[in-house]
Structures are given as structure tokens and as C-alpha cells.
Amino acid sequence: QGSAMTTHHHAAILHHTQEREERGPHEAHHPSLLEHEHLAMVGEEVVDETDLSMLDRVNKGVQAEEVIGYLTSELSEDMSCRSLPGAITLFACFIVSCLMAEEPTLNYSTRSLLSEIMTEDANFAYIPGSQFQRDLGADQDVGMKVLENANTRQDVHSWFRLGFFPLFQGSFAQDEPVDSNASVMQWEYLSAIGGVRLSQELAPLEECRSPGLAKALANFDSCSPAFHFRSTPLSPHLPDILAREVKEEDPVRWFYFSEDWATIEARIDDTLRPNSTWLQRRQSESVRAAVPLYNPELHTITVVYAEFFFARSGKQWVRVLAPTLKLQVYYKLIHIVVDVVCLALVLHIFLLEVKEVHVITKEAKKQKIKPFNAIFLHFTQFWNVVDCMCIIGFAVLVLQWVRHIQNAQTLHDMLTGEAFGRRTMNGTEMEKEAELGALLDQVESSLRHQMTVAYVRSVCLFLVPLRMFKAFSAQARLSILTRTFAVCAVDVFHFLLIFFTLFMSWAVAGIVLFGSSIEEFADFERAMNTCLRVVLGEIVWYEVREEAGPIVAGLWLWTFCFVNSLVVLNMLLAIIMDAYSEVKSSVGTHSETLPQQAWETYTCWRARQAGQRLSGKEVLHALEAKHLPGDLMITPASFCDLVPGLSKEQAEEVLIGSLQDADDLESSTHSISGVIKMTGAVDTRVKAMNRNLTLLMGHSVASSKGAASGPVTCDTVLDAVAALAENLQDYQRSTTERLVRMEEIFNAATDQGRTYSGIGLSQRDFAKSRSKSRGEGGDKLRKLDAHPTAKSSALPSGPWTKGLPSCIVSGCCES
């Protein structure tokens, strides 16, 4: 029966096609159900115009708005492809410039060397003639402690006297040449300059929390505020030390390498002994030593910082840092070349923005709009903001970099002056103090400015890839990542609110449970970092188990890993994958890859140079100048008439691309969650249709056989469907006019009936036919209501309705 219906359907199409050709294209005729290309009855084939070739569809015509939209997108993609080489070149050159400017390998090697020397080789607590010395066979006394063993103020004094200052013993010479044998081997490429500055940072004093108890038990007249001191300083970092400049009111002592050792040793004892007047017990917060070193091989200056923090808990924290500063910024030609290329590319971006602003201003004046409003609207767009930020960021970087070069030159001039022309400083005590203080201040100021340059450079390192993403955004396949971020941004924001709430709860719980005994949970910042490492897979099981026991530690760690690592992070992946699937499905089948687009841009450029092709901008401007209505159908012939000089091949190419873009835009895009929702909706509608069909066929069987005996079964329903299909064939063969009336009735039926009639249709075609039939069906029904006789004659009748109750037929018509 299905094959017979299909054969009849094809014959009916051929018959009506012949009738339409006999009547002619201009003769009016009544539309029939079979003439709707996107409609078909159940069991029949769907006739879709997409089965035709692209060239046939182009010859039928393409809407003008689709052509203009396609040309606009092609221009955007062409500009994106042209700007991509410049964006990639800027990114590559800026990466090379950053690496050559910072030279992290040399800086790290110098810093690690000096840190190891200060922590491992600066020994103290010497024991003459010890058994350990005899076991080693050493001729000299052996220090039994290193820097990390300095836990009291007596140890601080001993370390500076016996460990820190003797490291520079090769520099302690007066005017005679320095003995090379007296120099420590670690200083082979480093030379101490001038001397050492020892400064002390003081804390404010106030009344103790319990003055009577403090006086009676500790003999404390005043105390320092507890919040002023760091009980657990973080790992050594340079910004903190450079941020705390030496103030004029801070006590400072100077030790010059031009002095003899006896003078230096006496000054150390007078400065750092626990009972000295310089080191204040109640008010001293930290003691910092700073000594400049010069490396002739690298032409760099390094400042060694050794700082002790005196926490009010009794703990002493020590930090050793050795930042390095280059005295010659440019010493390789490749560094100059990449910086010049970066500057030229940024200037090119700036000139393009100035040109766009000029064009926007002219257009605003033509349209009688305030230029400021038009420019403001232009720069509120995201990618234009990126361009503006990139220009501003590089402008700030250039200014800071010029100042950095000036600072390096100033340091070079100071070291080549009379004060530091030799390894020993000459002059009076005040002159030495002024010269060495000015050198250290200049070095610290240059280091602070070098950090500012590093921060600005880091910001630019994020702006330059955004420039590349701007070029990617116009390419369908390259923009998948950026569009995925845009689609999932809202969901990720709400996810992060929940994630950080849970994350901070476990971090604070770790501080409460383990903070008093484990360094990783000693404060909030360390606890957050530790929890982040646990999320990423680093387990701290043994540390927390030893301090809190297996039960408490297991509950904390297992619940944290289960909730944050297994559940929450997988939810984040699900959100991103859902957005990615939606964006990925929106990429049309006709979207070009980057190599294809690059080749197309090149071939089009070659054709334009040869005069065989018009540019996309010329074609677009010619169409926009005509002010064509959006629904105007453009064929290749009319396209060539509208655009002078346009070849037929290029016209067909543009129209085919317009059709392909229109097909891609109209194709449905679904995410994973959207597909699940649609699947549920389809299942619900299928079940509802099943119930309605069973009820309808049950009434049909009852009317044709007199009365239904027992419940309706699948066999009776199938028999009724077969009989109904056979009657429908006879009815379709007898008359076409009744099919037209039946179409009007079905178009005006309820949403459930329209859903049933839309089985087998694509989403786009069914939506179009439904919206069209709503208006036409409503007009015809209103005419039937005005003429009752016509309404009664419009009721369907015939052999196929014999099995249906009259109430159902009349009810469908009235609805």
C-alpha cells in the first residue's frame, strides 16, 4: 500500500505539472496540497528544493539581503585573513623581545648561586679543635651552624660576624692590591662594590594588652601591635622588600670594604649584640643587609639582601634575595630588530584606528550625528576596545622602557665615576656614605622600575593574543574557542560562585584543623594555594594525617577531593563541553578552513591584479548604492546588470556562496542539553499522538462495525489505518478540490493537529508553512462563518470519512 501511494503521488505531481505548463505561468490557478513542495502526507516522499543543484537554485534567484549579508561576511573574513599574518608576527616578535629583555636563565643562575652561598657557606658557631674537625682532617675551625639555624638574636649577631661578612674577605683591603688567594672561589665572577648597608625597620609602640601583667612577668613597659607583624612571612619575594624603602628615621649602619677587619668587627659587635643600643629589642621589626655586586662578564649589578624578621611569637624568619639588573639593555642586533618590528606593527594598528575614526567622523557628519557619539559607539564594541587597550598598553610600555634604559645608563655612569672607579672607596666617612647610599638607592629605584616594566609587559602579553583572537573571530573554524567562551561565560560565572564558596569552606577548615602545626595551612593564602594543589592532584595526606589523625584527616581530604575534584570540576567540564558542542554545531558545512581561505584570498588578489575580477568591496558598494529591497530575487544575469564589470562566473560564485550561507544559518544548532530537551519533547508529543490516534481509530472502528466489542487492540488499529489509506487513495483520485478544502481545514486546526500534520518536515519548512497557513486559513474560516451554507458545503465528505463520527468531522471544522 505504501508503494502504491508513492506511485500515485508521483503521478499526481506529473499530472499537475503538465496542467500548470498548459495554463501558462501567468494564468491564475488554485493551489493544491500536492503543489506545496515542502508538504507531504504520511507515507509520501517530501519534495524539497534543496534536492536541486546549486546552479539551478541560483538561476531561480537569491534574495538581495542574503547576497549583501554574504558579501559583508566575506569582506570581514578577507580582512581577518589579511590581518592574521601581522597579528602572528607581532605575537612572535614580542615573545622574542620579552625573552631577550629579561634573560631569566642568567638572572636565575645568579640568584640561585648567591642564595646557596648565603644559606650553605655562611657558617657560624665555630668550635676550635672539635672532634668533627679532626674527623674531616680540616686545618681550620669548622662552623657548626648555617643560616637556617639562626633562631635567636645572638645567632643573628654571630652569623653576621662569622658568616656573612667574612664571605667578602677578599674585598677587605685598604689601598694595596687585593690578594687573589684571600678571595672565596664563589666570587670568581662577582666583585663586591663599596660596602654593606645594615638597616633596621622599627615598629610603633603602644600600651600592652595587660600592662600590669606585662610589667610583672616580662618587665615590658610597652608593646607593639600584634597585627603589625607577620607571624608567618611568605616565601621570599622581591616586591615586598623593594616596597619597604629605607626611611630617614630608620637606623642605618655602614661597613666599608676599604676598612680593616678589626674596625669592621668592632662595629658589628657594637651594632648587633643583644645588649647594644642600635638593635632595639621592643621596637625592632627586621634587620636587613644589602651589598652590591658587579659581574664584569655579564655587565650586570646584583644586590644581595639578607633580612631577618622578628615575629612577636618569638620566631625569626630569614629571607635571602639577589635581584640582578643589566647595565646594557641592548647588546644584540636581533633584540633591536624585534623591538623595531613590534613598534612598527603597533604604529600600523594605531594608524588603522585613526583612519577608522576619521571615516566614522565623516559618516557621522553626513548623517547629522554628533561625531563624539559615533566614536564612542565604535569603541564600545569588544574588539575595538581590544585594539584601543593594545595601543595604550604598548604606549605605556615604550615610555617605561625608555626610562628603564635611562636608569641603566645612570648606573653605568655612577660606577665609572671617581667614587667607584676602584674596588675600594676613597674619601671621608660622610662622602663614602653619600656615594654608597646614592648607588644603593639608584639600584633599588631601577629594580622597582624594572618590576613595573615586567608588569606592563605581562599585561601586553595578554593583549597581543587578544589581537590574534580578533583575527580569529571572523574565521568560522578559528572562532570556535572564542565563541565557546562567550556562550558559557554566564554559566561559568555562576559556577565559580558555588565553587569558591565550597573551596574557601574547606580551606578555612584546613586552617582550623591543621594551621597550628602544618606550614601549608598557616594562613589563608597558603591554605588556598594548598587546596588548589590538592584539586590539581597533589595530595598532602601524610602531613595532615600526622597532625590531625587518620579519621579527621581522612574526612577532610576525602570529602574535599570528592566534592571539588570529582564533582565540581566535572560540572565545569560539562558546562564548557555543552557550550562547545553548541558552537561546533553552528559551524556550517560550507565553512572554509584557514588554508582554504588563505588560498582563496591569494587567488582573488591575483585575479583582481589581472583585471579579471572585482573586489568584494566594489560589489557590495554597488549593491548598497542601488537601495534594493531585501526580498528582491537576484539572478546571475540581473546581478551582472546591477554591478557593471561583474563577470558571470563571479556572479554565480557570489550567489552560490549566499545560498550556502543561508542554508548554514537556517540549519538548527543544538547543544547537548538542548538535544536532551528536544528528545524529551519529541517523546512527549509522540506519546500524545499515539493516544490521540488510538482514540481516533477506536471511534472509526466502532462507527464502521456498529459497536466496539471490547477494548481497542493494535490489530484493530492497523486494520483501520489500512482501510483509511485505501479510501484515501480513491478520494484523492476522484477530486482535487476537496483536497484544497481539507488543506484549509488542517491549516486552521489546533496546535496538536498542526503538529500531527508536520510529521516528516524539516524544522525550517514546517515553521514557514505553519505561519503562512495560519493567516490564510483564518481568513477562509471567517468567510465560512459569514456564509453558513458555504460552511456546510465545505465539510469533507466521501468514502474516506465513512468510518469517522460526524461529531469529529464537524468539531475539526468548527475548531
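Residue positions are given per chain, counted from 1 along the sequence in the order it is written. A pLDDT threshold of at least 70 governs which residues receive local features in this predicted model, and a stricter bar of 80 or more applies before side-chain atom pairs are shown or counted, although totals over entire chains, interfaces and linings include all residues. The basis for every side-chain value is the complete set of heavy atoms in the structure, and neither hydrogens nor water enter the calculation.

### Remarks on the overall build of the chain
Turning to step 1, where the next piece is worked out: Only DSSP runs of H or I reaching four residues or more are called helices, and only runs of E reaching two or more are called strands; each is numbered from the N terminus. The number of helices and strands found in the chain is 27 helices and 11 strands.
Turning to step 2, where the next piece is worked out: Residues classed as buried in the chain amount to 38% of the 815 residues present. Only protein chains enter the area calculation, which uses a 1.4 Å probe; residues under 20% of their type maximum are buried, those over 50% are exposed, and those in between are partly exposed.

### What about the pairing of strand 5 (residues 195-202)?
Turning to step 1, where the next piece is worked out: Summarising burial for strand 5: 7 of the 8 residues are buried, a large majority.
Turning to step 2, where the next piece is worked out: Alignment of strand 5 against strand 6 (residues 252-256), held across 5 bridges, turns out to be antiparallel. Bridge pairing links arginine 197 to tryptophan 254 in strand 6.
Turning to step 3, where the next piece is worked out: Two strands qualify as a pair provided DSSP detects at least 2 bridges between them. One ladder, built from 6 bridges, connects strand 5 with strand 7 (residues 284-295); its direction is antiparallel. In the strand pairing of strand 7, leucine 198 is matched with alanine 289.

### A closer look at the state of the cysteines
Turning to step 1, where the next piece is worked out: Cysteine sulfur atoms are paired as a disulfide whenever they fall within 2.5 Å. Counted according to the given criterion, the structure contains 1 disulfide.
Turning to step 2, where the next piece is worked out: Cysteine 561 carries a free sulfur, and the closest cysteine sulfur to it, the one in cysteine 531, is 9.7 Å from it.

### Notes on the packing of aromatic side chains
Turning to step 1, where the next piece is worked out: Side-chain rings of Phe, Tyr and Trp (the six-membered ring for Trp) are treated as a pair once their centres are within 6.5 Å; stacked means planes under 30 degrees apart, edge-to-face means over 60, and tilted covers the remaining angles. Applying the stated rule across the entire model yields 22 aromatic pairs.
Turning to step 2, where the next piece is worked out: Each ring, one from phenylalanine 503 and one from phenylalanine 560, has its centre 6.0 Å from the other, and the planes form 55°; the classification is tilted. Taken together, the positions of phenylalanine 503 in helix 14 (residues 480-514) and phenylalanine 560 in helix 16 (residues 541-586) put the pair 57 residues apart, joining distant regions of the chain.
Turning to step 3, where the next piece is worked out: You can call phenylalanine 503 buried: its relative accessible area is 3%.
Turning to step 4, where the next piece is worked out: Among the aromatic side chains, those forming a connected cluster through ring pairs are Phe495, Phe499, Phe500, Phe503, Trp506, Phe514, Phe521, Trp556 and Phe560.

### A closer look at a nonpolar patch on the surface
Turning to step 1, where the next piece is worked out: Only residues above 30% relative accessible area that lack a salt bridge enter a patch, with like-charged residues linked at up to 9 Å and the nonpolar side chains Val, Leu, Ile, Met, Phe, Trp and Tyr linked at up to 5 Å. To measure how exposed things are, a 1.4 Å probe is used in the Shrake-Rupley method; for residues, cover is taken only from the protein chains shown. Whenever a carboxyl oxygen of Asp or Glu lies within 4 Å of a side-chain nitrogen of Lys or Arg, that contact is scored as a salt bridge. A surface patch of nonpolar side chains, amounting to about 890 Å² of accessible area, comprises Leu496, Phe500, Met504, Val508, Val512, Leu513, Phe524, Ile551, Val552 and Leu555.
Turning to step 2, where the next piece is worked out: Counting only elements with at least two residues in the nonpolar patch, the list comes to helix 14 and helix 16.
Turning to step 3, where the next piece is worked out: Of the residues forming the nonpolar patch, the biggest block, 6 residues, is contributed by helix 14.

### Focus on the nonpolar core
Turning to step 1, where the next piece is worked out: Nonpolar cores were defined as sets of buried Ala, Val, Leu, Ile, Met, Phe, Trp, Tyr and Cys residues, with membership established by side-chain atoms within 4.5 Å. Ranked by size, the top nonpolar core spans 35 residues in total, and within it Trp159, Phe160, Phe164 and Phe168 carry the most contacts.
Turning to step 2, where the next piece is worked out: For this core, the elements supplying multiple residues, two or more each, are helix 4 (104-121), helix 6 (153-164), strand 5, helix 9 (261-272), strand 7 and strand 8 (300-310).
Turning to step 3, where the next piece is worked out: Each residue touching phenylalanine 164, except ones within four places of it in the same chain, is listed here: Met118, Ala122, Trp159, Val196, Ala289, Val291 and Ala306. Residues are treated as being in contact if the distance between any of their heavy atoms lies within 4.5 Å.

### Looking at the pattern of salt bridges
Turning to step 1, where the next piece is worked out: Considering all chains together, one arrives at 15 salt bridges under this definition.
Turning to step 2, where the next piece is worked out: Residue aspartate 269 pairs with arginine 273 through a salt bridge whose shortest N-O separation is 3.8 Å.
Turning to step 3, where the next piece is worked out: Linked by salt bridges that have partners in common, Arg161, Glu265, Asp269 and Arg273 make up one network.

### Observations regarding helix 4
Turning to step 1, where the next piece is worked out: In a helix, the anticipated span is given by 1.5 Å times the number of residues less one. Between its terminal C-alpha atoms helix 4 stretches 25 Å, which fits the 26 Å expected from 18 residues at 1.5 Å a residue.
Turning to step 2, where the next piece is worked out: Of all the residues in helix 4, the buried ones are Thr110, Leu114, Ser115, Ile117 and Met118. End-on view of helix 4: buried residues confined to an arc of 155°, all on one side of the axis. Along helix 4, exposed side chains directed more than 90 degrees from the buried face belong to Thr105, Tyr108 and Glu120.
Turning to step 3, where the next piece is worked out: Packing partners of the buried residues in helix 4 comprise helix 6, strand 7, strand 8, strand 9 (316-321) and strand 10 (324-326). An arc is given here, and it is the one of the directions from the helix axis to the C-beta atoms.

### Focus on the pairing of strand 9
Turning to step 1, where the next piece is worked out: In the sheet, strand 8 pairs with strand 9 via 6 bridges, with the strands oriented antiparallel. Counted as the bridge partner of alanine 306 is valine 320 from strand 9.
Turning to step 2, where the next piece is worked out: Hairpin geometry of strand 8 and strand 9 is characterised by an intervening segment of 5 residues between the two adjacent antiparallel strands and by a positive phi of about 105° at glycine 314.

### Notes on helix 9
Residue pairs spaced three or four apart in an α-helix point in one direction, given the helix's 3.6 residues per turn.
Turning to step 1, where the next piece is worked out: An ideal rise of 1.5 Å per residue puts 16 Å on 12 residues; helix 9 measures up with 16 Å between its terminal C-alpha atoms.
Turning to step 2, where the next piece is worked out: Looking at helix 9, one finds that the buried residues are Ile264, Arg267, Ile268, Asp269, Thr271 and Leu272.

### Observations regarding unusual backbone geometry
Turning to step 1, where the next piece is worked out: With a phi close to 60°, lysine 368 is a non-glycine residue in the positive phi region.
Turning to step 2, where the next piece is worked out: Turning to its location among the elements, lysine 368 is positioned in the loop between helix 10 (333-366) and helix 11 (371-379).
Turning to step 3, where the next piece is worked out: Phi at histidine 627 takes a positive value of approximately 55°, unusual for a residue other than glycine.
Turning to step 4, where the next piece is worked out: Mapped onto the fold, histidine 627 is located in the loop between helix 18 (616-626) and strand 11 (633-634).
Turning to step 5, where the next piece is worked out: Judged by relative accessible area, histidine 627 falls into the exposed class, the value being 69%.

### A look at the packing of helix 12 (residues 382-415) against helix 13 (residues 429-473)
Turning to step 1, where the next piece is worked out: At a closest axis distance of 8 Å, the pairing of helix 12 and helix 13 adopts a crossing angle of 155°. As summarised for this structure, helix 12 and helix 13 are arranged roughly antiparallel, according to the angle between their axes. The chirality of how helix 12 crosses helix 13 is left-handed.
Turning to step 2, where the next piece is worked out: Charged means Asp, Glu, Lys or Arg here, nonpolar means Ala, Val, Leu, Ile, Met, Phe, Trp, Tyr, Cys or Pro, and polar covers whatever is left, Gly included. Residue composition of the contact of helix 12 with helix 13, by class: 21 nonpolar, 12 polar and 5 charged. Fitted lines through C-alpha atoms serve as axes, helices being fitted only where they are in contact, and the angles separating the N-to-C directions of these axes extend from 0 to 180 degrees. Oblique is the label for any angle not under 35 degrees, not over 145, and not in the 65 to 115 range, which are roughly parallel, roughly antiparallel and roughly perpendicular in turn. In this scheme, a crossing is called left-handed if the near helix is turned counterclockwise away from the far one by less than a right angle; it is called right-handed if the turn is clockwise.

### Section: a negative patch on the surface
Turning to step 1, where the next piece is worked out: On the surface, Glu116, Glu120, Asp121 and Glu148 cluster together into a negatively charged patch.
Turning to step 2, where the next piece is worked out: With respect to the helices and strands, glutamate 120 occurs in helix 4. In this count, Lys and Arg are taken as positive residues and Asp and Glu as negative ones, while His and the chain termini are left out. Where a charge lies is defined by one atom per residue type, namely NZ (Lys), CZ (Arg), CG (Asp) and CD (Glu).

### A word on the confidence of the model for the chain
Turning to step 1, where the next piece is worked out: pLDDT is a residue-level measure of predictor confidence that goes from 0 to 100. For the chain, mean pLDDT is 74; residues scoring 70 or higher make up 70% of the total.
Turning to step 2, where the next piece is worked out: Mean pLDDT across the secondary structure elements of the chain bottoms out at helix 27 (residues 806-814), with 40, and peaks at helix 12, with 91.
Turning to step 3, where the next piece is worked out: Scored below 50 in pLDDT, residues 1-51 shows 58 contacts in the model against residues more than four places distant or in partner chains.
Turning to step 4, where the next piece is worked out: In the predicted structure, residues 750-778 sits below a pLDDT of 50 and forms 32 contacts with residues beyond four places in sequence or in another chain.

### Quick word on the environment of arginine 613
Turning to step 1, where the next piece is worked out: By the element assignment, arginine 613 lies in the loop between helix 17 (594-609) and helix 18.
Turning to step 2, where the next piece is worked out: Excluding residues that lie within four positions of it along the chain, arginine 613 makes contacts with Cys604, Ala607, Arg608, Gln650 and Glu653.

### Some words on the side chain of glutamine 650
Turning to step 1, where the next piece is worked out: Note on placement: glutamine 650 falls in helix 20 (residues 648-666).
Turning to step 2, where the next piece is worked out: Polar contacts, as counted here, are pairs of nitrogen or oxygen atoms within 3.5 Å of one another; within protein the pair requires one atom able to donate a hydrogen and one able to accept it, and residues that are adjacent in sequence qualify only if both atoms are side-chain atoms. A polar atom in the side chain of glutamine 650 sits 2.9 Å from the backbone oxygen of leucine 614.
Turning to step 3, where the next piece is worked out: Each residue touching glutamine 650, except ones within four places of it in the same chain, is listed here: Arg613, Leu614 and Val619.

### Thoughts on the packing of helix 3 (residues 64-102) against helix 13
Turning to step 1, where the next piece is worked out: Close contact between helix 3 and helix 13 brings their axes to 8 Å; oriented N to C, the two are set at 160°. Here helix 13 runs roughly antiparallel to helix 3, going by the angle between their axes. As helix 3 packs across helix 13, the resulting crossing turns out to be left-handed.
Turning to step 2, where the next piece is worked out: Across the contact of helix 3 with helix 13, the residue classes tally to 17 nonpolar, 3 polar and 3 charged.

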